[in-house]
Amino acid sequence: NRVDLEQDRFAMVGVHGGSIISAGVEVRVVSRRTVGDSVELEVVGGRRFTFPGHPSVEEEPERTSSKPLLRVSLEWVRDEDERPIQGELALSETLEPLVERWLRLVRAGRERQPGQMDMILEHLGPMPPASEVTDRALWVAALINPLPGLGVAWEIRPAILNADSSAQRLDIARKGLQASLENLANSA
């Protein structure tokens, strides 16, 4: 069945380097509006998934979009019953002051519309506790790479979704946040 833009949730995968990444998230539609012949959706990410093999591409004659419809069999990623291993908790704790500094710099003139960061934070909810290292790393990725993008950070979502461990996800989040901070500081 075709993706129905009126539904509340659907699976979203990304493209990185011209290839579809084999991981994604279930997204919840927060709002939708019609602009001309298009529908703009505002979505918030939820559960993560991976898919084995390759997506099948289906061309449907009745579709008005030139983009193909992808079908995949997905597997939900089980939230790890994670207890941070040595060093992870400390690394996770370092993200909070970096996020606070990043928010100050973005709010000081890099928002694309007034109150944009407040809206993003409202959708994301509070930063997860440092002990929830994967959730915290995913939260940071969603913050610095919102849709539509702010243009102030390298795209880290595909790398975070494809990472094999919570330590890798934390490292990617920290490096992405630090690179964005350097960019923001140098462009101020």
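Note that the coordinates shown come from a computational prediction; the quantities given were computed from them, not determined experimentally.

1. Remarks on the overall build of the protein
Scanning the protein from terminus to terminus reveals 5 helices and 6 strands. Relative to its full complement of 188 residues, the protein shows a buried share of 30%. Counted over contacts in the protein with a minimum sequence separation of 6, partners at least 24 positions apart contribute 56%. Accessible surface computed for the protein: about 11,600 Å², of which carbon and sulfur atoms make up 49%.

2. Remarks on the nonpolar core
Counting residues in each nonpolar core, the largest one holds 25 residues, and the members touching the most others are Val99, Trp102, Val106, Met117, Val140, Leu143 and Leu177. Sorting elements by how many residues they give to this core places helix 3 (residues 133–144) first, with 7 residues. Residues Phe10, Ile21, Val27 and Leu161 belong to the second largest nonpolar core, which totals 7 residues.

3. A look at the packing of helix 1 (residues 88–107) against helix 3
The geometry of helix 1 relative to helix 3 is characterised by a closest axis approach of 10 Å and an angle of 20° between their N-to-C directions. In terms of orientation, helix 1 lies roughly parallel with respect to helix 3. Crossing handedness for the pair helix 1 and helix 3: left-handed. In contact with Glu88, Ser92, Glu93, Leu95, Glu96, Val99, Trp102 and Leu103 of helix 1, helix 3 contributes Val133, Arg136, Trp139, Val140, Leu143 and Ile144. A class-by-class count of the residues in the contact of helix 1 with helix 3 yields 9 nonpolar, 1 polar and 4 charged.

4. Things to note about the packing of aromatic side chains
In the structure shown here, the tally under the stated rule is 1 aromatic pair. With a centroid separation of 6.1 Å and an interplanar angle of 85°, the aromatic rings of Phe49 and Trp76 are classed as edge-to-face. Taken as a pair, Phe49 in strand 3 (residues 38–50) and Trp76 in strand 6 (residues 75–76) lie far apart in primary sequence, 27 residues in all. Over the face of the ring belonging to Trp76 we find Arg47, whose NZ or CZ atom lies 3.6 Å from the ring centre.

5. What about the sheet that holds strand 3?
Strand order in the open sheet made by the 4 strands is 1-2-3-6, with antiparallel pairing throughout. In the strand order of this sheet, the two ends are held by strand 1 (9–16) and strand 6, each with one partner. Sheet analysis places strand 2 (residues 19–35) next to strand 3, joined by 11 bridges and oriented antiparallel. Looking across to strand 3, one finds that Val29 is bridged to Val43.

6. Some thoughts on the side chain of Ser180
In this fold, Ser180 is placed in helix 5 (residues 166–187). Taking relative accessible area as the criterion, Ser180 reaches 1% and is therefore assigned buried. Once you skip the residues sitting within four places of it in the chain, Ser180 turns out to touch Trp102, Val152 and Ala153.

7. Comments concerning the pattern of salt bridges
Within this structure, the stated rule accounts for 6 salt bridges. With a closest N to O distance of 3.1 Å, Glu26 and Arg47 form a salt bridge. A residue pair is termed long-range when its members are at least 10 positions apart, and Glu26 in strand 2 and Arg47 in strand 3 qualify at 21 residues. Classification of Arg47 as partly exposed rests on a relative accessible area of 45%.

8. Notes on the pairing of strand 3
Connecting strand 2 to the next strand, strand 3, in antiparallel fashion are 2 residues, including Gly36 with a positive phi near 65°. Examined bridge by bridge, strand 3 and strand 6 share 2 bridges and lie antiparallel to one another. Note that in strand 6 the partner of Phe49 across the bridge is Trp76.

9. Quick look at the side chain of Asn145
Along the chain, Asn145 turns up in the loop between helix 3 and helix 4 (157–162). Overall, the relative accessible area of 7% leaves Asn145 in the buried class. A polar atom in the side chain of Asn145 sits 3.0 Å from the backbone oxygen of Trp154. Sequence-distant contacts of Asn145, that is, excluding residues within four places in its chain, are made with Ala153, Trp154, Glu155, Ile156 and Arg157.

Basis of the calculations
- Residues numbered from 1 in each chain as written.
- Predicted model: local features only at pLDDT ≥ 70, side-chain atom pairs only at ≥ 80, totals over all residues.
- Heavy atoms only, no water.
- Helix = DSSP H or I, 4+ residues; strand = E, 2+ residues; numbered from the N terminus.
- Buried < 20%, exposed > 50% of the residue type's maximum accessible area, 1.4 Å probe, protein only.
- Contact = heavy atoms within 4.5 Å.
- Areas by Shrake-Rupley, 256 points an atom, 1.4 Å probe, with all protein chains shown as cover.
- Core = buried A, V, L, I, M, F, W, Y, C linked by side-chain atoms within 4.5 Å.
- Axes fitted to C-alpha atoms, helices over the stretch in contact; angles between N-to-C directions.
- Parallel < 35°, antiparallel > 145°, perpendicular 65-115°, else oblique.
- Left-handed = near helix turned anticlockwise from the far one by under 90°.
- Nonpolar A, V, L, I, M, F, W, Y, C, P; charged D, E, K, R; others polar.
- Phe/Tyr/Trp six-rings, centres within 6.5 Å; stacked < 30°, edge-to-face > 60°.
- Lys NZ or Arg CZ within 6 Å of the ring centre and 35° of its normal.
- Pairing = 2+ DSSP bridges.
- Salt bridge = Lys/Arg side-chain N within 4 Å of Asp/Glu carboxyl O.
- Polar contact = N/O pair within 3.5 Å; in protein donor to acceptor, adjacent residues only side chain to side chain.

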